[in-house]
Every structure is written in structure tokens, then in C-alpha cells.
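Observations on the three-dimensional arrangement
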Amino acid sequence: MSFILSPIDTVDTISPEDFRENYLKPRRPLVIKGLTKSWPAREKWTPEYLKEVVGKKVVPLYDNSKADPSKPINSSAKEMPFDEYIDLIRSTPTELRIFFFNIFKQAPQLLDDIVLPKDLMGGFLESMPAMFFGGSNSVTFLHYDIDLPHIFHTHFGGRKHVILFENKWKRRLYCIPNATYALEDYDVQNPDTKKFPALEGVEGTEVFLEHGDTLFMPTGYWHWMKYIDGSYSLSLRAWDASITRKAASLYNLAIKGGVDSLLKMAFKEKYAHYREALAIKWAEKELADGKPL
């Protein structure tokens, strides 16, 4: 049976009232296909245009390999000039991707091409829009964002496969202790539930994003993404309105992330093996207890 995945709700447009009552407040994901119809970026942000405005800026690139326990999370695999990287993902399959790139520092004029959806919600972090690029075959490992934002994730130039899980499933997903990502030893698309039995029956949602589609990912949602075509995405981030969620965000950033980094630097592989074993133990206990209820 493996994961139980259902389609993510999809609309062309949505009223602010409908969005707040049926998606923001209950924290349910949604795809809005028409959100970007008025954005200049929808037609303007071609690969050639992005190459022109960013040029030969050298960018770090990441691949699908499992994280090295001796290095900080999100350590790059190699570097390449941006324009050469765009040519690469357009011409051949590759695992290489660009992670959390503030393209607007290089080309601030691009900010004029997007519109923050403030009619739907407030709290946008206007200084933190970021872009993600990937070649076909590149994968973003299963994780949730440590600062717990709501995310409006708009895709450009191709297709992208996205699978989401509510945070209540995190231990069944083999969440690594003191971290916000899962054990990297199983294939999210085709998990081996004999080897990882806690994955059996975990409920999630999925979608195949196309050019111009915007995915609303509520705070704390686990996400896995695979680029089907060489393409790119923009993430707009917003704070949740609740004080407790803001406090949890600050705790994650100040304590969880800091503690994890210190322990990794101090104990390296020994710490990595310990917490992977603990993730398996927690998952098996959660499964045995029939959780989440």
C-alpha cells in the first residue's frame, strides 16, 4: 500500500474569504493556477532573460547525494557560473540544483515582475523571496522549513512533482532528531515499506506543478520535490499569525538548528549514526502505538 496520496485541491482563482476559511486557518495546501496571471514574470522570466540579468554570477550547486555527516547541512557539491548552469539544465538531465538563491540581490529589477498576494494573507517576509532551480532528475529531500513559514511556491518553465505531508506524521516519516528532515535512505516516490514499515499508510497529498502554478504550503508541512523538466521556482514566505507559531519558529532557529550544528561538528559520523538509529526507534514506536491518532 505504501503512502496514501490524494490530489491537492486546485483552483484557478479564489476569494480572500474562501482562502482564509478553508485553507489558511485549517492549514490545508492549495494550488492556485491563476494567481500569477497578472505577473509580468509569468511571460518575462524565460531562461534567456534570467541569464541576461544574472549573468556569470558563480552559484553553489547541490545534488541528490545523502548529506555528509562531517559537513553542515546544505553543503554544495560544486559551483558554476549561473548562465552556464541554465544552459546545462536546458540541454541535459542533471541532479544539480540551486538552493534558496536570492536572485533579487543580483537583479533587483525582478522584484517589479511579481506581486505579493497580500489580498489573501499578511505577514509576508518581503526581504526573503528566494528562487530554486533544478535539472530534470534533481530532487529536494523530504523536509520542512525550520522557520515554519507559510510558503507560496510558484513554478516556471516546466513541470515539478511535489509530495506533501502534515507535520503530525513526522515521526512516521523517520524524522531525524534535532533536525527538520527525514532519513534519506528511502525513496519517497517508491518507499520500501518492508525495510521502513512505519511509512505504510502515511497519508499525504501530491501535485504536478506546471508553468505559472502557485502551491500554497502551510506552516510546518513536509515537502519532497522532483524536477521533471529543467525549470525553476519562486518561494514567497509569510509568518503565521499565531504567537505560538512565531515562538516555535524562533526556538527552531535559535536552539534546534544551533544544537544540531554543534553536535554534528563535535561528533560527526558517530552523532549521525546515533540519531538515524533514534529516528528508526521513534518511527517504530509511533507505528506500534497506532499514531498519529
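Residues numbered from 1 in each chain as written. Predicted model: local features only at pLDDT ≥ 70, side-chain atom pairs only at ≥ 80, totals over all residues. Heavy atoms only, no water.

Named according to an unreviewed UniProt entry, the protein is Cupin-like domain-containing protein originating from Mucilaginibacter pankratovii.

A word on the sheet that holds strand 7 (residues 130-134)
Strand order in the open sheet made by the seven strands is 2-3-12-9-14-7-6, with mixed pairing throughout. A strand with exactly one partner marks an edge of an open sheet, and here the two such strands are strand 2 (10-11) and strand 6 (97-101). When strand 2 meets strand 3 (residues 30-32), the two strands line up parallel, connected through two bridges. By the bridge assignment for strand 3, valine 11 is matched with isoleucine 32. Against the sheet, helix 4 (residues 82-91) makes contact with strand 6, strand 7 and strand 14 (231-238), and its axis sits at roughly 45° relative to strand 7, the strand it touches most. (Pairing = 2+ DSSP bridges. Helix = DSSP H or I, 4+ residues; strand = E, 2+ residues; numbered from the N terminus. Contact = heavy atoms within 4.5 Å. Axes fitted to C-alpha atoms, helices over the stretch in contact; angles between N-to-C directions.)

Side note on the sheet that holds strand 8 (residues 139-143)
Ordered in space as 1-11-10-13-8, the five strands form an open sheet in which the pairing is mixed. The two strands at the open ends of the sheet, each matched to only one other strand, are strand 1 (4-7) and strand 8. Across this sheet, the average inter-strand angle for adjacent strands is 20°, counted without regard to direction.

A short note on empty space enclosed by the protein
By rolling a water-sized probe across the atoms, one finds the places where empty space is left. Applying the stated criterion to the full structure yields one cavity of 30 Å³ or more. A volume near 40 Å³ is recorded for the largest cavity. In terms of residue class, the lining of the largest cavity is made up of five nonpolar, two polar and one charged. (1 Å grid on protein atoms, 1.4 Å probe; cavity = no way out; pocket = protein on both sides within 12 Å on 5 of 7 lines; lining within 4 Å. Points joined across faces, edges and corners; volume = space filled by probe spheres on them. Nonpolar A, V, L, I, M, F, W, Y, C, P; charged D, E, K, R; others polar.)

Quick word on the packing of aromatic side chains
Going through the model one piece at a time under the given rule, you end up with 20 aromatic pairs. Between phenylalanine 99 and phenylalanine 132, the aromatic rings sit 5.9 Å apart at their centres with planes inclined by 75°, giving edge-to-face as the arrangement. Taken together, the residues span a long stretch of sequence, with phenylalanine 99 in strand 6 and phenylalanine 132 in strand 7 at a distance of 33 residues. Using a relative accessible area of 25% as the deciding quantity, one classes phenylalanine 99 as partly exposed. (Phe/Tyr/Trp six-rings, centres within 6.5 Å; stacked < 30°, edge-to-face > 60°. Buried < 20%, exposed > 50% of the residue type's maximum accessible area, 1.4 Å probe, protein only.)

Structural notes on the nonpolar core
Ranked by size, the top nonpolar core spans 41 residues in total, and within it Phe19, Trp45, Phe82, Ile103 and Phe133 carry the most contacts. The contacts of isoleucine 103, once residues within four sequence positions are left out, are Leu50, Val54, Phe82, Leu110, Met131 and Phe133. Leu148, Leu173, Leu183 and Tyr186 belong to the second largest nonpolar core, which has 26 residues in total. (Core = buried A, V, L, I, M, F, W, Y, C linked by side-chain atoms within 4.5 Å.)

Thoughts on helix 4
Of the positions making up helix 4, those classed as buried are Phe82, Asp83, Tyr85, Ile86 and Ile89. Considered in projection along helix 4, the buried side chains sweep an arc of 160° and stay on one side of the axis. (Arc of directions from axis to C-beta.)

Looking at the UniProt feature "domain: JmjC" (unreviewed entry) in the protein
The UniProt entry lists residues 105-255 under the feature "domain: JmjC" (unreviewed entry), expressed in the numbering used here. Taken end to end, residues 105-255 comprises 10% helix and 32% strand; its first and last C-alpha atoms sit 29 Å apart. (UniProt positions renumbered as here; feature names shortened; annotations may be inferred.)

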